[in-house]
Amino acid sequence: PDTGEIVTTTTLDREVWEVFTLRVLVQDGGIPSLSGTTTVLCTVEDENDHAPQIIVPGHDIEVLENQESGVVYTVLASDMDAGNNGAVRYHIIEGNKDEYFAINETSGALSTTRALDREQVSHFTLVILCSDLGDPPRSSLVQLQVRVLDDNDHGPSFPTLHYQASVREDAQVGTEVLVLS
């Protein structure tokens, strides 16, 4: 064709091939024919065609009760798109009873906000939303099972400070005297 128009001949996918370098030759119809060349650099723009992918899909986490607040796990997701389309943000959307947990929006670091008490809550099922910043955004979910481990922070005790029992002098060996519970 003699229009000088450069057109695509197939669909493009930035994740497969991001930059094309074309060498263009132009010739006139004269005798002798004269020509010139130029280089065209074509960059394929990104479309938000991928959702974030969870790197470790679902995990069981164990956290010892009575520990100071701190990071207990890091949710990791990646998105093959570029720019905002590939920037992943993390949010807890379910299971955060009494807001015992917080997640860093950009790093995915999951932290306790205060010490956990297994005697109050022994298990959490947290649902984490991993979404990109595309328009419209794409997202994925991951479910984390958090089990709170016992710290043996309660010693045994008796409901009554003093007990009294009587037993006959001629009681046989093995006779029950008192039951403590």
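Model, not experiment: these values are computed from the prediction. (Residues numbered from 1 in each chain as written. Predicted model: local features only at pLDDT ≥ 70, side-chain atom pairs only at ≥ 80, totals over all residues. Heavy atoms only, no water.)

J.: Kindly report on the sheet that holds strand β9 (residues 109-112), identifying the contributing residues and their values.
T.: Strand order across the open sheet formed by 3 strands is β5-β9-β8, with antiparallel pairing between neighbours. Taken across any chain shown, the strands that pair with only one partner, and hence form the sheet edges, are β5 (71-74) and β8 (101-103). Neighbouring strand axes in the sheet, compared pairwise and without regard to direction, differ in orientation by 25° on average. Relative to β9, β8 runs antiparallel, the two being bridged by 3 bridges. If you follow Ile-103 over to β9, its bridge partner there is Leu-110. (Pairing = 2+ DSSP bridges. Helix = DSSP H or I, 4+ residues; strand = E, 2+ residues; numbered from the N terminus. Axes fitted to C-alpha atoms, helices over the stretch in contact; angles between N-to-C directions.)

J.: Please provide a residue-by-residue account of the side chain of Asp-81, values included.
T.: Relative to the helices and strands, Asp-81 resides in the loop between β6 (77-78) and β7 (88-94). The side chain of Asp-81 sits in the buried core without any salt bridge; Arg-14 is the nearest counter-charge, 4.8 Å away. Here Asp-49 takes part through its backbone nitrogen, which lies 3.4 Å from a polar atom of the side chain of Asp-81. Leaving out residues up to four positions away in the same chain, Asp-81 has contacts with Arg-14, Glu-15, Asp-46, Glu-47, Asn-48, Asp-49, His-50 and Gly-86. (Buried < 20%, exposed > 50% of the residue type's maximum accessible area, 1.4 Å probe, protein only. Lys, Arg positive; Asp, Glu negative; His and termini not counted. Salt bridge = Lys/Arg side-chain N within 4 Å of Asp/Glu carboxyl O. Polar contact = N/O pair within 3.5 Å; in protein donor to acceptor, adjacent residues only side chain to side chain. Contact = heavy atoms within 4.5 Å.)

J.: Summarise the side chain of Glu-15; cite the residues concerned and give the values.
T.: Looking at the secondary structure, you find Glu-15 in the segment before β1 (19-27). In this structure the side chain of Glu-15 is engaged in a polar contact, spanning 3.1 Å, whose partner is the side chain of Arg-14. Excluding residues within four positions of it along the chain, Glu-15 makes contact with Asp-46, Glu-47, Asp-49, His-50, Met-80 and Asp-81.

J.: Quick rundown of unusual backbone geometry? Include the residues and the values.
T.: Going from Ile-31 to Pro-32, the amide bond is cis rather than trans, its omega being -10°. Between Asp-135 and the following residue, Pro-136, the backbone shows a cis peptide bond with an omega angle of 0°. Of note in the backbone geometry, Asn-66 takes a positive phi value of approximately 65° without being a glycine. With respect to the helices, strands and loops of the structure, Asn-66 is situated in the loop between β4 (59-64) and β5. Owing to a relative accessible area of 35%, Asn-66 belongs among the partly exposed residues under this scheme.

J.: Outline the sheet that holds strand β10 (residues 123-132), supporting the account with residue identities and numerical values.
T.: Across the sheet, 4 strands lie side by side as β4-β11-β10-β7; this open sheet has mixed pairing. Strands at the two margins of the open sheet, each flanked by one partner only, are β4 and β7. When the angles between neighbouring strand axes are averaged without regard to direction, this sheet yields 30°. Pairing geometry for β10 and strand β11 (residues 139-149), over 9 bridges, is antiparallel. By the bridge assignment for β11, Phe-124 is matched with Val-146.

None of this, on its own, says anything about what the molecule does.
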